[in-house]
Amino acid sequence: MNSQPERVTLFTTEETDNSMKPADIRRMNTLIADLGPSERLRVLDIGANPLIEGDVSYKPLLDHGHAKVFGFEPQEDALAALNDCKSDNETYLPHALGDGKEKTLHLFQQGGFTSIFPANEDSARYLGFEKGMTEKDAIKIKTRKMDSLKEIPAVDFLKIDVHGSEKTILEHGKKKLSTAIALQTEVRMFPLYRDEPRYGELEAEIVTQGFEFLRFASMKHVSLARRHRGRIRRHDFAQAVDGDAFFVRDLRRVDRYTDEQLKKLAIIGDAIMGLFDVTLYALDILVERSVITEDVINRYFNNIPNERLR
């Protein structure tokens, strides 16, 4: 969910700080130069709507020429916005992904709620989302299976935010994700739509494809005592609704990672997740394999801000 309905304030907690300052950009560029990956990071963005998304997690890599992005956005206004400002390293397609069958796309008063699932009226009322989740139109759309699309290569990193369709899309994208290193997905902790898969079902599918949960990137909470929400800190809002989570290909099987995958894991850890721990883990293994020298780790540490070190 990407919008903030008028009646309620959402607050993001446990958020990974991956905002990139000039020093962070220098660290990223130095790391990539030291690692010398054979190609740009291949990113797949499903639900790439820039009208509600804000800056995406992989933006620093894209801005500095280190990523090649393939995106899907079936809403015409959002697709036009993407194509108006895209670079040579971006390709956006108008397809709605899914199981290949026709679906009904439900359009709500607030565009950030658009979904193939109808609103759960009880949830909307409980959370104070009645206005934003009031349906204004419904249209028939044809979905495409991810694995059937020849325009899309196998990818390294997946970002997906499609309001309940994540599980179905992943089920029909196993080949494209077969060598992926990590993914960032929307996770729903409280149901917003009727019959949408619950978090446990989504996680089970992700685990089946060889990934394991790493950590939450963000989590949004809603105030239950809305009459008093102006008097309590947002930090204390109670009801978790949804957020983003990072999953990585099972690190218990890191011996199965190729050297190239480890390099990309190090880059993703730094430039997308903002997690030095992930990057250093990958660098240590690359040192053990004699792919890089200890100097790379020393340079990386020298580029970490002092306030992030002990």
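Everything discussed here concerns the structure shown above.
Scope of this entry: the structure provided in the associated data block. Quantities reported herein were computed from a predicted structural model and do not represent experimental measurements.

**Details of the packing of aromatic side chains**
Point 1. Under the definition given, this model contains six aromatic pairs.
Point 2. Aromatic side chains Phe 113 and Phe 129 sit 5.6 Å apart centroid to centroid with 40° between the ring planes, which places their arrangement in the tilted category. Remark: Phe 129 occurs in the loop between helix H5 (121-127) and strand E7 (135-144) and Phe 113 occurs in the loop between strand E6 (102-108) and H5; sequence separation between them is 16 residues.
Point 3. On the basis of relative accessibility, which here comes to 0%, the residue Phe 113 falls in the buried class.
Point 4. Pairing Phe 213 with Phe 216 gives two aromatic rings, centres 5.1 Å apart and planes at 65°, and the pair type is edge-to-face.
Point 5. Three or more aromatic residues link up through ring pairs in this structure, and these residues are Phe 213, Phe 216 and Phe 247.

**Observations regarding helix H1 (residues 22-35)**
Point 1. Helix length check: H1 (14 residues) gives 20 Å between terminal C-alpha atoms against 20 Å at 1.5 Å per residue, within 8%.
Point 2. Inspection of H1 places Asp 24, Ile 25, Arg 27, Met 28, Leu 31, Ile 32 and Leu 35 among the buried residues, and these make up the whole buried set. Angular distribution of buried residues about the axis of H1 spans 160°; they occupy a single face of the element. Residues of H1 that are exposed and point more than 90 degrees away from the buried face comprise Pro 22, Arg 26 and Ala 33.
Point 3. Against the buried residues of H1 lie helix H3 (59-63), helix H8 (259-273), helix H9 (276-288) and helix H10 (294-302).
Point 4. A positive phi of about 55° marks Gly 36, the residue just after H1.

**With respect to the pairing of strand E3 (residues 67-72)**
Point 1. Buried residues dominate E3, accounting for five of its six residues.
Point 2. Pairing analysis gives six bridges linking strand E2 (residues 41-46) to E3, with the strands arranged parallel. Of the residues in E3, the one forming a bridge with Asp 45 is Gly 71.
Point 3. Bridging between E3 and strand E4 (residues 90-93) involves four bridges; their strand directions are parallel. Directly across from Val 69, in E4, lies its bridge partner Glu 90.
Point 4. Regarding the hand of the β-α-β motif, the stretch spanning E3, helix H4 (residues 76-84) and E4 is right-handed.

**Remarks on the sheet that holds E6**
Point 1. Taken together, the three strands give an open sheet; going across it, the order is E5-E7-E6, and neighbouring strands pair in mixed fashion. In this open sheet, the two edge strands, each paired with only one partner strand, are strand E5 (96-97) and E6.
Point 2. Here E5 runs beside E7; their pairing, made up of two bridges, is parallel. From the neighbouring strand, Leu 97 faces E7, where its bridge partner is Arg 144.

**Concerning the pattern of salt bridges**
Point 1. Per the stated rule, a full pass over the model turns up 21 salt bridges.
Point 2. Its salt-bridge partner being Arg 42, residue Glu 39 comes within 3.5 Å of it at the nearest N-O pair.
Point 3. Of the residues examined, Glu 39 reaches a relative accessible area of 36% and is grouped as partly exposed.
Point 4. A cluster of three or more residues bridged by salt bridges with shared partners is formed by Glu 39, Arg 42, Asp 156 and Lys 264.

**Things to note about the packing of H1 against H9**
Point 1. Where H1 contacts H9, the two axes come as close as 13 Å, and the packing angle between them is 20°. Here H9 runs roughly parallel to H1, going by the angle between their axes. Our pair here, H1 against H9, has a crossing hand that is left-handed. Facing H1, whose interface residues are Arg 27, Leu 31 and Leu 35, H9 presents Phe 276, Thr 279, Leu 283 and Leu 286.
Point 2. Here the contact of H1 with H9 is built from residues that sort into five nonpolar, one polar and one charged.

**Things to note about a negative patch on the surface**
Point 1. A contiguous patch of negative charge, built from Asp 284, Glu 288, Glu 294 and Asp 295, is present on the exposed surface.
Point 2. The set of elements that each furnish at least two residues to the negative patch consists of H9 and H10.
Point 3. Locating Glu 288 in the fold gives a position in helix H9.

**Examining the environment of His 66**
Point 1. Tracing the chain through its elements places His 66 in the loop between H3 and E3.
Point 2. Along the primary structure His 66 and Arg 42 are separated by 24 residues, whereas in three dimensions their C-alpha atoms are 9.1 Å apart.
Point 3. Excluding residues that lie within four positions of it along the chain, His 66 makes contacts with Met 28, Asn 29, Ile 32, Arg 40, Leu 41 and Leu 61.
Point 4. Within the local environment of His 66, its side chain forms a polar contact with the side chain of Asn 29, the two groups lying 2.7 Å apart.

The rules behind these values
One numbering rule holds for all chains: residues counted from 1, following each sequence as written. Local features in this predicted model are restricted to residues whose pLDDT is 70 or higher, and side-chain atom pairs enter the listing and the counts only when it is 80 or higher, whereas totals over whole chains, interfaces and linings include all residues. As a rule here, side-chain values come from all non-hydrogen atoms in the structure, and water together with hydrogens is ignored. Note on aromatic pairs: the rings of Phe, Tyr and Trp (six-membered ring only in Trp) are paired at centre separations within 6.5 Å, and the planes decide the class, stacked below 30 degrees, edge-to-face beyond 60, tilted for the rest. Runs of H or I in DSSP of at least four residues are treated as helices and runs of E of at least two as strands, each being numbered from the N terminus. Between buried and exposed lies partly exposed: a residue is buried under 20% and exposed over 50% of the maximum accessible area for its type, with that area taken using a 1.4 Å probe on protein chains only. Expected helix span is taken as 1.5 Å per residue step, with the number of steps being one fewer than the number of residues. Directions pointing from the helix axis toward each C-beta atom define the arc. Contacts between residues were defined by any pair of non-hydrogen atoms, one from each residue, lying within 4.5 Å. By definition, two strands form a pair when at least two bridges between them are found by DSSP. Note on handedness: a crossover is taken as right-handed if, strands pointing away from the viewer, the path from the first strand over the helix to the second is clockwise. The term salt bridge refers to a side-chain nitrogen of Lys or Arg lying within 4 Å of a carboxyl oxygen of Asp or Glu. For helices, the axis comes from a line fit to the C-alpha atoms of the stretch in contact; other axes are also lines fit to C-alpha atoms, and the angle between any two N-to-C directions lies between 0 and 180 degrees. An angle counts as roughly parallel when it lies under 35 degrees, as roughly antiparallel when it exceeds 145, as roughly perpendicular when it falls between 65 and 115, and as oblique in every other case. Crossing handedness is read from the near helix: turned anticlockwise from the far helix by less than a right angle, it gives a left-handed crossing, and turned clockwise, a right-handed one. Residue polarity is assigned by list, with Asp, Glu, Lys and Arg as charged and Ala, Val, Leu, Ile, Met, Phe, Trp, Tyr, Cys and Pro as nonpolar; anything else, Gly included, falls into the polar class. Distance thresholds for patches are 9 Å for like charges and 5 Å for nonpolar side chains (Val, Leu, Ile, Met, Phe, Trp, Tyr), applied to residues having over 30% relative accessible area and no salt bridge. Here the Shrake-Rupley method, with its probe set to 1.4 Å, supplies the accessible areas, and only the displayed protein chains count as covering residues. The sign given to each residue is positive for Lys and Arg and negative for Asp and Glu; His and the chain ends receive no count. Every charge is mapped onto a representative atom, which is NZ of Lys, CZ of Arg, CG of Asp or CD of Glu. Pairs of N or O atoms are called polar contacts if they sit within 3.5 Å, as long as, within protein, a hydrogen donor faces a hydrogen acceptor (for residues adjacent in sequence, only side-chain-to-side-chain pairs).

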